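Structure at a glance
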Amino acid sequence: MKKNRKSFKTVKNILLTLFLALICVGGVELAVCSYVSPALYAQITAPVRAGLRQLAEVNEAVWAKLQTSAGHAAQEANRQLRETAVQLRNAWEAMQAPPETFPDGEEVQLMDGGAVEPPPRPQADYNTTTLTVRGDRAYLTGGAHEVAYFSQVDERWAEEPYGSDHIGGYGCGPTVMAMVTATLADADTDPAQMAEHCAEQGYWASKHGSYRTIVQGIAEEYGLMCTPLSPEDASQSTVIQHLSSGQLIVALVGPGHFTNSGHFILLRGVTLDGSILVADPASQERSLIAWDLSLILEELSPHRDSGGPLWVISSNFL
């Protein structure tokens with residue numbers, strides 16, 4: 001038994017020696033061949049070189065695919081982390097009870113679902129004011145110049161976020177400022193873009209709409225002049241003079257014909273008989289009525305901080 005094992009080991013050593021000898025001889029012969037006959041050497045080694053080249057290409061493709069997959073995975077993970085952070089923030093804000101008061105008494109409760117008082121007049125005739133659409137934007141006519149009109153309840157953005165609220169129920173502030181900046185500053189904006197920007201700038205008040213500083217803050221950011229006008233100084237002749245010269249007036253109104261709580265509207269023009277044209281972000285119908293100025297002044301919000309409830313806005317070119 002021991003003899004057989006010894007014989008097997010001897011045979012194994014002999015075969016290994018012969019294999020190594022063949023490799024060495026083959027290597028020497030190939031080296032000699034590459035010197036004596038390069039063409040023959042190239043022909044002999046071509047399959048090996050092709051195989052190595054193919055193996056390298058496969059490795060490169062696999063590595064590139066792994067790198068791309070890793071990059072996509074990192075981007076997707078980053079996106080999911082951002083979305084989760086926003087959802088957590090919104091959930092936390094929604095859990096907080098809305099404060100009863102805001103700094104400096106700034107509180108704006110926007111459009112509510114209840115019915116308001118019916119308009120005292122029918123819709124104005126076509127020659128007085130109308131709504132015209134060009135491209136993807138609507139314009140209200142009849143004032144010193146056309147006013148870009150946006151509705152906060154437009155299906156394109158009514159459900160879009162304003163902070164953790166939505167534009168349709170809480171976004172009259174950014175919607176009015178989108179009208180102002182699109183008209184006087186030729187801004188390429190809409191309620192969704194403006195709502196996002198206003199929330200980032202701190203003008204959004206959870207479940208209460210917007211802080212009143214939104215008017216002056218956004219106007220000045222877009223290079224517009226914004227001058228507060230107190231109700232005591234807002235005589236009918238003063239308001240008509242501002243509107244006749246092409247200025248716009250943002251008004252914060254209280255319960256009455258426009259809202260049951262608080263609501264931003266835009267005074268955009270005056271008719272020949274002294275009636276006031278408005279742009280109401282919550283109602284296209286109310287935006288096509290010529291209103292009595294005395295009614296609007298009577299329904300102004302009683303709050304007097306942050307320049308409200310009237311702001312006169314104009315471009316530097318007026």
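Up top is the structure these notes are about.
I will try to describe carefully the structure that is included in this document. (Residues numbered from 1 in each chain as written. Predicted model: local features only at pLDDT ≥ 70, side-chain atom pairs only at ≥ 80, totals over all residues. Heavy atoms only, no water.)

Bringing the packing of aromatic side chains into the picture now. Per the stated rule, a full pass over the model turns up 3 aromatic pairs. Summarising the aromatic geometry, the rings of Phe150 and Trp157 are spaced 6.0 Å apart at their centres and angled 75° between planes, so their arrangement reads as edge-to-face. Given a relative accessible area of 6%, Trp157 falls into the buried group. With a centroid separation of 6.2 Å and an interplanar angle of 55°, the aromatic rings of Phe264 and Trp311 are classed as tilted. One end of the pair, Phe264, is in strand β10 (residues 263–270); the other, Trp311, is in strand β13 (residues 310–314), with 47 residues separating them in the sequence. Here Phe264 matches Trp311 in class, with each residue buried. (Phe/Tyr/Trp six-rings, centres within 6.5 Å; stacked < 30°, edge-to-face > 60°. Buried < 20%, exposed > 50% of the residue type's maximum accessible area, 1.4 Å probe, protein only. Helix = DSSP H or I, 4+ residues; strand = E, 2+ residues; numbered from the N terminus.)

Reading across the sheet, the 6 strands line up as β8-β13-β9-β10-β11-β12 and stay open at both edges, with antiparallel pairing between neighbours. Because the sheet does not close on itself, it has two edges, and the strands there are β8 (225–228) and β12 (290–291). In this structure, strand β9 (residues 248–253) lies alongside β10, joined through 5 bridges in antiparallel fashion. Its bridge partner being in β10, Leu252 is matched across the sheet by Phe264. Packing of helix α6 (residues 213–221) onto the sheet brings it into contact with β8, β9, β10 and β13, and relative to β8 it is tilted by some 155°. The strands touched by helix α7 (residues 236–244) within the sheet are β9, β10, β11 (276–279) and β13, with β10 carrying the most contacts at an inclination of about 75°. (Pairing = 2+ DSSP bridges. Contact = heavy atoms within 4.5 Å. Axes fitted to C-alpha atoms, helices over the stretch in contact; angles between N-to-C directions.)

This brings us to the pairing of strand β2 (residues 137–140). Residue alternation in β2 divides its side chains into two sets, Arg137 and Tyr139 and Ala138 and Leu140, and both sets are buried. Alignment of strand β1 (residues 131–134) against β2, held across 4 bridges, turns out to be antiparallel. Along β2, the bridge assignment pairs Arg134 with Arg137. The loop that links β1 with its antiparallel partner β2 comprises 2 residues; one of these, Gly135, has a positive phi angle of about 70°. In this structure, the hairpin formed by β2 and strand β3 (residues 147–149) is closed by a connection of 6 residues, where Gly142 is found at a positive phi of approximately 115°.

With that settled, the discussion passes to the packing of helix α4 (residues 172–184) against helix α5 (residues 191–200). In contact at an axis separation of 8 Å, α4 and α5 are set at 115° when each is read in the N-to-C sense. In terms of their interaxial angle, α4 and α5 are classed as roughly perpendicular. When you trace α4 past α5, the crossing you get is right-handed. Each of Pro174, Thr175, Met177, Ala178 and Thr181 in α4 lies in contact with α5, whose residues at this interface are Pro191, Met194, Ala195 and Cys198. (Parallel < 35°, antiparallel > 145°, perpendicular 65-115°, else oblique. Left-handed = near helix turned anticlockwise from the far one by under 90°.)

Here Thr181 lies in helix α4. With residues near it in sequence (within four places) discarded, Thr181 still touches Asp186, Ala187, Thr189, Met194, Ile218, Tyr222 and Leu224.

Read across the open sheet, the 3 strands follow the order β1-β2-β3; overall the sheet is antiparallel. Every interior strand has two partners, whereas the edge strands, β1 and β3, have only one. When the angles between neighbouring strand axes are averaged without regard to direction, this sheet yields 40°. Against the sheet, α4 contacts β2 and β3, and its axis sits at roughly 140° relative to β3.

Turning to the nonpolar core, a few remarks are in order. For soluble globular proteins, the rule of thumb is that nonpolar side chains tend to be buried together. Counting residues in each nonpolar core, the largest one holds 38 residues, and the members touching the most others are Met177, Val250 and Ile313. Once residues within four sequence positions are removed from consideration, Met177 is found in contact with Met194, Ile214, Val215, Ile218, Ala219, Val250 and Ile313. If you look at the next biggest cluster of nonpolar residues, it comprises 21 residues, including Val253, Phe258, Val270 and Ile276. (Core = buried A, V, L, I, M, F, W, Y, C linked by side-chain atoms within 4.5 Å.)

Just geometry here; none of it tells us what the structure is for.
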